[in-house]
Amino acid sequence: MKKTLSLIFCVLALLSSMNVNAQTADFNVVPRPASIIPNAKSEAFVLNAQTVIVCEKNKASKRNARFLQQYIAERTGLNLVIKTKAPASNFIQLEVHSYMPYINNADAYVLNSDERHIDIQGVTDAGVFYGIQTLRKALPHIGKVIGARTAPKTNDVVIPAVSIQDSPRFAYRGGHLDTSRHYVTTDSIRRFIDMLALHNINRFHWHITDDQGWRLEIKKYPRLVEVGSKRSETVIGHNSGVYDGKPYGGYYTQKECKELVKYAEERNIVIVPEIDMPGHMLGALAAYPELGCTGGPYDVWTIWGVSEDVLCAGNDKTLKFIDDVLDEVVKIFPSEYIHVGGDECPKTRWKTCPKCQARIKANGLEAKDGHTAEERLQSYVIRHAEAHLASLGRKMIGWDETLEGGLAEGATVMSWRGEAGGIEAAKQHHDVIMTPNSYLYFDYYQSLDTKNEPDAIGGYLPLDRVYSYEPVPDALLKQNLGEYIIGVQANCWTEYMPTYSQMEYMELPRMAALADIQWTARDTKDYADFCRRTINLLKVYDEQGYNYARHIFDVQPTFTTDTDSHCIVAELNTVDDAQVRYTLDGSPVHSGSTIYHDPLEIRENAQLRFAAFRPGLRHVNSAAPQILMSHAGSKDITFSKATAQRIVLLQEPNDRYTYNGALNLVDGVLGNTTNFGSGQWIGFTNNDLEALVDLGSEQEISSISINTLVGKGDWIFDARDFTLSIPADSTVTFESLASASFQQIASEQYPAMKEKDADGIFTHSLSFEPVKTRYIKVRMTSEHALPEWHGGRGKPGFLFVDEIIVK
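About the criteria used
- Residues numbered from 1 in each chain as written.
- Predicted model: local features only at pLDDT ≥ 70, side-chain atom pairs only at ≥ 80, totals over all residues.
- Heavy atoms only, no water.
- Helix = DSSP H or I, 4+ residues; strand = E, 2+ residues; numbered from the N terminus.
- Rg over C-alpha atoms; globule rule 2.2 N^0.38 Å.
- Buried < 20%, exposed > 50% of the residue type's maximum accessible area, 1.4 Å probe, protein only.
- Contact = heavy atoms within 4.5 Å.
- Areas by Shrake-Rupley, 256 points an atom, 1.4 Å probe, with all protein chains shown as cover.
- Lys, Arg positive; Asp, Glu negative; His and termini not counted.
- Charge placed at Lys NZ, Arg CZ, Asp CG, Glu CD.
- Expected span 1.5 Å × (residues − 1).
- Bend = angle between axes of the 7 residues up to and from the residue.
- Polar contact = N/O pair within 3.5 Å; in protein donor to acceptor, adjacent residues only side chain to side chain.
- Pairing = 2+ DSSP bridges.
- Salt bridge = Lys/Arg side-chain N within 4 Å of Asp/Glu carboxyl O.
- Axes fitted to C-alpha atoms, helices over the stretch in contact; angles between N-to-C directions.
- Parallel < 35°, antiparallel > 145°, perpendicular 65-115°, else oblique.
- Nonpolar A, V, L, I, M, F, W, Y, C, P; charged D, E, K, R; others polar.

## Describing the overall build of the protein
- For the protein, the helix and strand inventory stands at 18 helices and 37 strands.
- Here the C-alpha atoms of the protein give a radius of gyration of 30 Å, agreeing with the 28 Å that 2.2 N^0.38 yields for 807 residues.
- With the principal axes as the frame, the protein shows a C-alpha extent of 95 × 70 × 55 Å.
- Across the 807 residues of the protein, 56% fall into the buried class.
- For the protein, long-range pairs separated by at least 24 residues make up 74% of all intrachain contacts whose partners lie at least 6 apart in sequence.
- Split by element, the accessible area of the protein, about 34000 Å² in all, is 50% carbon and sulfur.
- When the 81 basic and 101 acidic side-chain charges of the protein are each reduced to a single mean position, those positions are 7 Å apart.

## Considerations on helix α18 (residues 527-544)
- When the terminal C-alpha atoms of α18 are compared, their 25 Å separation across 18 residues agrees well with the 26 Å that a helix rising 1.5 Å per residue should span.
- Helix geometry: α18 is bent most strongly at Ile535, by close to 25 degrees.
- Listed in full, the buried residues belonging to α18 are Asp529, Phe530, Cys531, Arg533, Thr534, Leu537, Leu538, Val540, Tyr541, Glu543 and Gln544.
- Two or three places before Ala528, at the opening of α18, Asp526 has a side-chain oxygen 3.2 Å from that residue's backbone nitrogen.
- Of the residues trailing α18, Gly545 is marked for its positive phi of about 75 degrees.

## Overview of the pairing of strand β10 (residues 162-166)
- Along β10, the buried face is formed by Val162, Ile164 and Asp166; none of Ser163 and Gln165, which line the opposite face, is buried.
- With four bridges connecting them, strand β2 (residues 35-38) and β10 associate as antiparallel partners. Counted as the bridge partner of Ile36 is Ile164 from β10.
- By the bridge criterion, four bridges tie strand β7 (residues 109-113) to β10 in an arrangement that is antiparallel. From the neighbouring strand, Tyr109 faces β10, where its bridge partner is Asp166.

## A short note on the pattern of salt bridges
- All chains considered together, the criterion is met by 39 salt bridges.
- Glu336 is the salt-bridge partner of Lys395, the closest N and O atoms lying 2.9 Å from each other. On the criterion of sequence distance, the pair formed by Lys395 in strand β17 (residues 395-399) and Glu336 in the loop between α8 (316-332) and β16 (337-341) is long-range, its members being 59 residues apart.
- Residue class for Glu336 comes out partly exposed when judged on its relative accessible area of 38%.
- Note that Arg646 and Glu735 form a salt bridge whose closest N and O atoms lie 3.3 Å from each other. Pair noted here: Arg646 is in the loop between β30 (633-637) and β31 (647-649) and Glu735 is in the loop between β34 (721-727) and β35 (742-749), with a separation of 89 residues, a long-range link.
- Here Glu735 falls in the exposed class, since its relative accessible area comes to 63%.
- One connected set of salt bridges, linked through shared partners, spans Arg32, Asp516, Asp529 and Arg533.

## Focus: the pairing of β34
- A large share of β34 lies buried, amounting to seven of its seven residues.
- Here five bridges tie β34 to strand β36 (residues 760-781), and the two strands are oriented antiparallel to one another. Note on β36: the bridge partner recorded for Asp721 is Thr781.

## Concerning helix α17 (residues 510-519)
- Of all ten residues making up α17, ten are buried, and the element is well covered by its neighbours.
- Every buried residue belonging to α17 is among Arg510, Met511, Ala512, Ala513, Leu514, Ala515, Asp516, Ile517, Gln518 and Trp519, and all of these are buried.

## Focus: the packing of helix α10 (residues 354-362) against helix α11 (residues 373-391)
- For the pair α10 and α11, interaxial distance at closest approach is 10 Å and the crossing angle is 85 degrees. As far as their axial angle goes, α11 and α10 are roughly perpendicular. Two secondary-structure elements touch here, α10 through Cys356, Gln357, Arg359 and Ile360 and α11 through Ala373, Glu374, Leu377 and Tyr380.
- Tallied by class, the residues present in the contact of α10 with α11 amount to five nonpolar, one polar and two charged.

## Some thoughts on unusual backbone geometry
- In the segment running from Met277 into Pro278, the intervening peptide bond is cis, with an omega of -5 degrees.
- For Pro278, the location among the structural elements is in the loop between β15 (270-277) and α7 (282-287).
- Cis geometry marks the peptide bond from Gly296 to Pro297; its omega dihedral reads 5 degrees.
- In this fold, Pro297 is placed in the loop between α7 and α8.
- If you check the backbone angles, Glu344 has positive phi at about 45 degrees while not being a glycine.

Following this line, the structure appears as structure tokens:
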């Protein structure tokens, strides 16, 4: 009885100490902590106006305390006092313990809370900082929104009694921003750094020089910013040939960069600068034309893409230039790593440059081991940069092209063209940072509704695809080489982002998915759980005034091609189980449309429209809440005799553009976007489209069509021929079809594309006298060697195709 009364009195005392409006913290944050264990033996902690932040007397601990003080004020409106001596209770303790036997990670922390206090401990100040970030994101939003006029409330917050042990999976957790294509202010850079800190990201890869502008002051070469930072105008759109006529420029002084380095360091972020070489150097060549193979004159580029004018690798002045620039760079940026680029360096000029050819001959750089002489010359330049950095006590990072011609000793590879470069580097026992464009290029579209999105380079990377990325390939795990994957990074290239606000929009909330990839263990992924955690994180975005994409609130449709039941199955889900309504006849969806309950089995032509409906705020003159409708989605399904039928590919598509593989061609969705990365198309290179289709039963057919996508600048060319065949033996089975003999029914040949031929979507059709067959063989040949007029001359082009329509 006494114990019961004691418990009741404790509860009453707790309740009386709390504001009646108290809300509860939720430690299911982004990134998700490794272990959250409720402490059933303790009561909850109540954060209130009397709570004190207690730190150690050193500078770093006091800085962490000020961050926590700031974050709590932003989230709750509570303005807490910082002290270096703990009271008897009601305090948050920040502590560094250099030895914690159960922690073996410099960024690890533990967070324990009970009715008396909250204790955040780390092996380092960085660990304490990440514990602070977890507490920050766990707090409910009851303070003011930055920039809003409403006064902050001072509600109490209930902090559940928990024990958290947490540490990141990867030591290198990177976020990249390109300020060469479009310059942003140092205040915007600080804002970006704060965004990285919120997501526990500890490396800022700063792409600061390129063809479109050199933006870093180098005192020994003043013309780099006097001339190289300025372009006369900028192309409008995707190299349209139309220009804005406005001079463009901007650069960062060394003083500004050092200030940014300090700002980042205070938030446990290291700035990794990139001086891209030997390509992407028109900014430098415009200022110092003697560094190029032709001697110029050169102009800072006003278009996007890859210029054939690069540093002259045979010129001793070039090597001196590289050394001098790196000497100044390392004095500005104390980062262990310096990025030297090494990507997309055309060898056109080097092939005809006497100095470059002399360098090749003098150093025995002839073609060898599958590498051309010019590739080995690039390796020579990169190795020179690596050796100079090593002499300065630094390490080199380069893009995966640095593998070509032989990798420099001690170099770290950043794998962007898929994972192949990273896998190869790991096999050579080099450290690797994974940043594949097919998962982690944040300049790609976030939605297929590109008409309602800001302009982007192309591609399609929705939140769920980013989250699905696993950085350590199975191929490396099988060989016990996973340890060479030391980090993960997402990149934001800014050709089509003229403002920092747009850069922010392209980053968020995909940066949240990146944070979970970088921090959490391989086997703990759960996308639905991630989305729920991200919804809470968006409240922090709102507090900070971040510009973020809101597609997470839209209906998330999935379409499955069921070749057994010969239908397209549509599932319409939302992150929060909101009500979904739909129509099938193309009419706009509204609050009276059919409510979605179960997956839809579509067996005929349909124009599916759908949206989520959620209750909003009550209107001042209405007792009923308003109903808010999400962005309306759509999907048109077109049936032909091939739709939802069995299909196999005899030749494999490119692994970067496989998506749903053969089923892409019979899913009822016609490729209708020029975005080759949308998932609507599948792409072949070196191989051809060669497919076998089972029509389900013997059918009379008289025509077939396939769409192709052409974008010559992206090496995507039209087909060279199109052929339809049927089995010579009508008794053949689908299982034996691959080895069967076929007779050709119809075929067309297409000429090689010319430079002025249009890009776009083209429909190729074959009509013929009706024939009866159950099985068909479809073949389209890709362009195996790009024409002489193209920058990729002689190399294989891509063939992008979609939807086999049989009638």
